[in-house]
Amino acid sequence: MTRRTDDDGWSPLHYAAFFPFLPLKTVKVLLEHDVSAAYIVDSEKRTALHLAAVRGKVVTVRAIMFTCPDCCELVDSRGWNVLHFSATTITGRLAVFYDTSRPIPKFDVLIYEKDNDGNTPLHLFAAFGSYPQKFLSSDWRHAYKKMCGLNKQNLSVDDILGRNFPEEKVIPSI
């Protein structure tokens, strides 16, 4: 039953991860019954982990990640990993994901992975205005300047943070 999907590719775990009224216990029971359910992708290649992250369900995210750590590496059709999704939440949960006592699996790699548009999760955190203050320190800024580079619009994380968007050049018509 845990592997059955609807027309959109959502499994019971997708629903449990997405809807706020379903308790964490539901997620845990589904994972205990069949851990492979965490690797099921929907029609847009999103996993239950992605859905929990975009909904800001941190406890659910942690439960899935620590039960199935390899699912952190899965990306959707846009190339987004779990940290890209977390950047789009209202509060931007990066600080929660980077808990030094129990960091998420492969955080140091995932934070610099680029999506199909060349954006790392740090680019998205900057764009959505949910950039945690601890990541603005000079040590972090030096690291992400070196690792993130430019996206496909030639924007760095600093450009986005400072809202320093280059002027579009207008080519006069002939």
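Relevant structure appears above.
Below you will find a few notes about this structure. This structure is a prediction, so every number in the text was calculated from the model and none was measured. (Residues numbered from 1 in each chain as written. Predicted model: local features only at pLDDT ≥ 70, side-chain atom pairs only at ≥ 80, totals over all residues. Heavy atoms only, no water.)

## Topic: the environment of C72
Item 1. By the element assignment, C72 lies in the loop between α4 (58–67) and α5 (82–87).
Item 2. On the basis of relative accessibility, which here comes to 0%, the residue C72 falls in the buried class.
Item 3. Spatially, the C-alpha atom of C72 lies 8.8 Å from that of F107, the residues being 35 residues apart in sequence. (Helix = DSSP H or I, 4+ residues; strand = E, 2+ residues; numbered from the N terminus. Buried < 20%, exposed > 50% of the residue type's maximum accessible area, 1.4 Å probe, protein only.)

## Regarding the packing of aromatic side chains
Any two aromatic rings considered together are summarised by their centre-to-centre distance and by the angle between their planes.
Item 1. Tallying each qualifying case throughout the model produces 6 aromatic pairs.
Item 2. A centroid spacing of 5.2 Å and a plane angle of 65° characterise the contact between W10 and F18, whose relative ring orientation is edge-to-face. Take W10 and F18: they sit in the same class, and that class is buried.
Item 3. Here the aromatic rings of F18 and F19 are separated by 5.1 Å at their centres, their planes lie at 90°, and the arrangement is edge-to-face.
Item 4. An aromatic cluster of at least three residues, connected via ring pairs, comprises W10, Y15, F18, F19 and F21.
Item 5. One residue, R55, lies across the ring of F18, its end atom 4.2 Å from the ring centre. (Phe/Tyr/Trp six-rings, centres within 6.5 Å; stacked < 30°, edge-to-face > 60°. Lys NZ or Arg CZ within 6 Å of the ring centre and 35° of its normal.)

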